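As a plain string of letters, each chain reads:
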Amino acid sequence: RGTGLEAPCFTRGLRSLRLGSRLVLATAAAAALVVEAAAAAAVSAAAVASSTSAAAVRLAAQEAGEHADSVHNIGAGSAAKDMDLEAWCAAKNSDVGPAISSRLTDRGAWRADPQPPLGVEPVPGLSEGVPALVVHNALSAEECRELIAGFPQQGAGFMPGERVAELYRDRKVKSRALARDEALAQALYSRLKNHVPQELDGGRLYRVNPNFRFIHYETGGHHSTHIDGREPGVPAWDEEAGGWVQSRLTMQVYLNSHARDFKGGEFAIVSPIPNASVDGNASGTNVRYVVKPREGDVVIFYQERLDPPSDYPPYELQHEGSDVTEGEKFACRTMVDYVFPDKERARMGNVKDDAQRRATAVALGAGCSARGPQRVLAIGNTIIDMILTVPHIPVDEKIRVDTKRRYVGGQGANAAQAMAVLGLNVSFVSRIGDDADGGMARSAYQALGMDLTPIIVVPGAATSSAAVIVATGENKQRSILIYDDPALHAPRPAIAAALDDLVRRVAAGEFSAVYTDGWQMDLALPIVRAAVAHKVPVVIDVEEITNETRALADLATILIANGPIIQALASSADDGDLRSAVASLAALRVGRTVVATSGPAGAYGAEHGSREVVHVLAVKCDVRDTTGAGDSFHAGYVDALVRGLSLREAMTFATHVAAAKCETPGPAVTRASLELYGVLPSTCAA
């Protein structure tokens, strides 16, 4: 909803940039449908009862037009018909004027400290943790009068109502002025800082943004239903703040009083009414909460994430300024900024989404209290990944690399590290060389508290390595090139001795489960056979079909692989019939579970003796890097398995772990990502 001094003008997910044509945010389409379906249930009866007349506080939602979706409607007017988004944003925010509060400084009109007590009224009926409040007496009557007297009538930052109407079609004002006002921002910050959250979405309170929009309404003035976005649209690094800065709260300041100075003009939090008609318009809104502002009042409310859309619609803080029916209303608006240690945490954090994910994690038994001393044995590759991000996968061309980073990866290593991050005690069986890459891997494993006594260090051999090319453009693809030193796999007496010791430990009941990634079969097969013989659950991944991997798959207690592999093992020719392939493989042996992963289609699972094929949908996430997502799914499933979760619960939990990985650069999911995604509570000890 704008750039610069206004809420952000976001472009992610847009399929058209021509404002005069029908513009739909494709990424929000599904959420918009759910908004319509669920909105009526979100109405607060108490808030509606507090309203004045329906005519005074209820406005029609924006009519379907060239921008269609009222929630994400950018509200561009007729003058923007031939502008793209960048040009429109520049036109409406091209000029910024001087501080208006300089009048207060010149006249000594600032209210002296200590400040009087402020009245604070939380807005009821919102989801857990979503902040919204009304603060009374934040500015004195004299301060408000001086700010009104300072409203510009021309010059820098000033825009007459006629021009506003040309650029916007969702509001009517007498005039609007943009001003950078550091003194006013500091005054509001010092008076209100103890009444707003000190932390939001993982960021800490930073400042009241000094960029203000001063608005003068006269009779007929209004601002139609909308939702505020965050500023800037993409978090920006701020050297002074020492982190990534983005707004989280809107601050609406009222400079004169309802009833005394104007009638109408109430601030209302609303929800849309599907298929309703208000004053002949196609849709209307239902009032949830109303503010009849007085001079010095400040309404502060959370800015919900718009890009990507919330996973849990409807948006709760759609709001409007109703028609001024008599007199003139004066107000100004700015934002409250927070500073974040991580750009993605700033961009993706959303109070309601995070709370819902935490609730899901608790429901799946992922809380700290559910985690015991279970030890698992993981068998798999260690591969040092060099990950290169590029706009697209090159074919017979030369392109520049955007980023280059090295990680400790490999299918087994990714899964083992994720298990350790999830809180399991992991013993890891893997071959590494005695080179620098091998040392890098050992250091990473030790930092996670993994048991490295089963690690096999091969003198004179190079640790396996890979170049992983990740396309970050519209087509999020990847290519992996692996180097495997033959010397790493040569038979050696020390390897046989290490294998005998591991078989003994499995037989002694030291492990609650065994996992293998389907590689290093000379190690995996003997250990898995010992586990099966001693009734230790075995979770197996298979990435290619050979006689050895078929034998390994036949031994699995839980077989988890991608759809094509499951269909090949089941000899299923129908690419779309994953359900029957999963069910037929599960039916082959008592106690067996089979799970097929299918990317965006989710996962299908079946247990021996059950006719039900469980389907768990993929979790919507902002994909940054899919490398290791399947390995993270396996780790999540193992964690759920040793905690005794059902098939559906285990698949759901594993899907959340995989989604958290997709939002994490690199091949292995991190603790920070799991905490941010709500899969791992931040209160668990590291």
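Since we're looking at a predicted model, the values are computed, not measured.

Draft legend 1. Expanded view of the packing of helix 11 (residues 411-422) against helix 18 (residues 629-642). Where helix 11 meets helix 18, the closest approach of the two axes is 8 Å, and the angle between their N-to-C directions is 45°. With respect to their mutual orientation, helix 11 and helix 18 come out oblique. The crossing of helix 11 and helix 18 is right-handed. Seen from helix 11, the contacting residues are Gln-411, Asn-414, Ala-415, Ala-418, Met-419 and Leu-422; seen from helix 18, they are Asp-631, Ala-635, Gly-636, Val-638 and Asp-639.

Draft legend 2. Local environment of the sheet that holds strand 29 (residues 558-562). The eight strands are arranged 22-19-27-28-29-30-31-32 in an open sheet whose pairing can be described as mixed. The sheet is open, and its two borders are formed by strand 22 (425-429) and strand 32 (614-616), each paired with just one other strand. Adjacent strand axes in the sheet meet at a mean angle of 15° when their direction is disregarded. The pairing of strand 19 (residues 375-379) with strand 22 spans five bridges and is classified as parallel. Within the sheet, the bridge partner assigned to Ala-378 lies in strand 22 and is Phe-428.

Draft legend 3. Spotlight on the packing of aromatic side chains. Taken as a whole, this structure holds six aromatic pairs when the rule is applied. Pairing Phe-151 with Phe-214 gives two aromatic rings, centres 5.5 Å apart and planes at 85°, and the pair type is edge-to-face. Here the residue Phe-151 occupies a position in the loop between helix 6 (141-149) and strand 3 (158-160), and Phe-214 occupies one in strand 8 (residues 211-217), the gap between them amounting to 63 residues. With respect to class, Phe-151 is no different from Phe-214; both count as buried. With a centroid separation of 5.6 Å and 70° between ring planes, the pair formed by Trp-237 and Trp-244 is classed as edge-to-face. Taken together, the ring pairs connect Phe-151, Phe-212, Phe-214 and Phe-330 into an aromatic cluster.

Draft legend 4. Spotlight on the packing of helix 13 (residues 493-507) against helix 14 (residues 521-533). Running from amino to carboxyl end, helix 13 crosses helix 14 at an angle of 20°, the nearest separation of the two axes being 9 Å. Considering the angle they form, helix 13 stands roughly parallel to helix 14. Handedness of the helix 13/helix 14 crossing: right-handed. The residues of helix 14 that touch helix 13, namely those facing Ile-495, Leu-499, Leu-502, Val-503 and Val-506, are Asp-522, Leu-523, Pro-526, Ile-527, Ala-530 and Ala-531. Across the contact of helix 13 with helix 14, the residue classes tally to 10 nonpolar, no polar and one charged.

What counts and what doesn't
Residues numbered from 1 in each chain as written. Predicted model: local features only at pLDDT ≥ 70, side-chain atom pairs only at ≥ 80, totals over all residues. Heavy atoms only, no water. Axes fitted to C-alpha atoms, helices over the stretch in contact; angles between N-to-C directions. Helix = DSSP H or I, 4+ residues; strand = E, 2+ residues; numbered from the N terminus. Parallel < 35°, antiparallel > 145°, perpendicular 65-115°, else oblique. Left-handed = near helix turned anticlockwise from the far one by under 90°. Contact = heavy atoms within 4.5 Å. Pairing = 2+ DSSP bridges. Phe/Tyr/Trp six-rings, centres within 6.5 Å; stacked < 30°, edge-to-face > 60°. Buried < 20%, exposed > 50% of the residue type's maximum accessible area, 1.4 Å probe, protein only. Nonpolar A, V, L, I, M, F, W, Y, C, P; charged D, E, K, R; others polar.

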